[in-house]
Amino acid sequence: MNKRITDILYGIRFFLVPYLILLAFCLFVKWNFTKDEIYFAVNTRHSESLDNIAPYVTDIGNGWTTVIISLILLMFSYRKAFLLASSYAITSLLAQVVKFMFDAPRPKLYFANRLNGIYFVKGTEQLSFHSFPSGHTVTAFSTAIVILYFLRNKRMGLPLLLVAACVGYSRMYLSQHFFEDVTIGSIFGFVLTIVWINWIDSKKFLHTKKWNEGLIDLL
């Protein structure tokens, strides 16, 4: 089954178009404000409600969430489970490589001499290293794209984008990452997933009857 990247992009257009608008806004923000200014613009705007919600939102970008979804898909379609799991494996592995290459400090270390002026959500573990890019954001965007790729209702692209974007914002809200980490993480997850799906889902074996069955068909 041969598909061009343009076909895939058209199929996820309800995700792609608003994402490009959001990305343009992010680049505008980055062009006009410094790293510190953006960080404190987020850090100084907090509430008890957001403190309670943010840790759960950020967990959507946790790899275990994608693994669980993949296991559920395994019941219905080996192909879909494989595409989601392999996309997660590829994007997260490459994200980790980049993390260790840059070894960028996270906010806790970057602002080590200004910690008294920073708001940390109670109960969250503050890491210090490997800030760039945001792995949770990479996973959230990658997972959202693969799920949309499966769905018949492509208009779900916008809600899926909003979920992925909220994961990215939660990483900044929890002081785990900077704006740059999240923005590049979204690009990383988006581009790598599209390229991977375009290549792997063109393989004929994935479109055989066996691969489009699931464990439930064995019952």
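Before reading on, note that the structure itself is shown above.
As the structure is a prediction and not an experimental result, all values here were calculated from the model. Chains are numbered independently. Their residues run from 1 in the order of the written sequence. In keeping with the model being predicted, local features are shown solely for residues with a pLDDT of at least 70 and side-chain atom pairs are shown and tallied solely at 80 or more, while totals for entire chains, interfaces and linings include all residues. Excluded from the side-chain calculation are hydrogens and water; included are all heavy atoms of the structure.

**Student:** Please provide a residue-by-residue account of the pattern of salt bridges, values included.
**Tutor:** Salt bridges are defined by distance alone: a side-chain nitrogen of Lys or Arg within 4 Å of a carboxyl oxygen of Asp or Glu. Inspection of the entire model under this criterion finds four salt bridges. Linking D7 and R4 is a salt bridge whose minimum nitrogen-to-oxygen distance equals 3.7 Å. Between D201 and R79 there is a salt bridge, with its nearest N and O atoms 2.9 Å apart. With a gap of 122 residues between them, D201 in the segment after α10 (179-200) and R79 in helix α6 (residues 78-102) connect regions that are remote in the sequence. Three exposure classes are used, based on accessible area relative to the maximum for each residue type with a 1.4 Å probe and protein chains only: buried under 20%, partly exposed in between, and exposed over 50%. Residue classification places D201 among the buried residues on the basis of a relative accessible area of 3%. Residue R79 is classed as buried on the basis of its relative accessible area of 12%. Comment: elements are numbered from the N terminus, with helices defined as DSSP H or I runs of at least four residues and strands as E runs of at least two.

**Student:** Go over the packing of helix α8 (residues 135-150) against helix α9 (residues 157-173), please, and point to the residues and values.
**Tutor:** With their axes 9 Å apart at the nearest point, α8 and α9 run at an angle of 170 degrees to one another. Here α8 lies roughly antiparallel to α9, going by the angle between them. For the pair formed by α8 and α9, the contact residues are H136, T137, A140, F141, A144, I147 and L148 on the first element and G157, L160, L161, A164, A165, V167, G168 and R171 on the second. When residue character is reported, Ala, Val, Leu, Ile, Met, Phe, Trp, Tyr, Cys and Pro are called nonpolar, Asp, Glu, Lys and Arg charged, and the others, Gly included, polar. Tallied by class, residues from the contact of α8 with α9 come to 10 nonpolar, four polar and one charged. To define axes, lines are fitted to C-alpha atoms, for helices over the stretch in contact only, and angles between the resulting N-to-C directions are given on a 0 to 180 degree scale. Roughly parallel here means an angle under 35 degrees, roughly antiparallel means over 145, roughly perpendicular means 65 to 115, and every remaining angle is called oblique. We call two residues contacting when some pair of their heavy atoms lies within 4.5 Å.

**Student:** Give a description of the nonpolar core that names residues and reports values.
**Tutor:** What is meant by a nonpolar core is a set of buried Ala, Val, Leu, Ile, Met, Phe, Trp, Tyr and Cys residues, joined one to another through side-chain atoms within 4.5 Å. Grouped together as the largest cluster of nonpolar side chains are 29 residues, with contacts concentrated most on I12, F15, Y19 and F190. Elements that contribute at least two residues to this core include exactly α2 (13-32), α6, α8, α9 and α10. Formed by seven residues, the second largest nonpolar core is a distinct cluster that contains V29, I38, M172 and V182.

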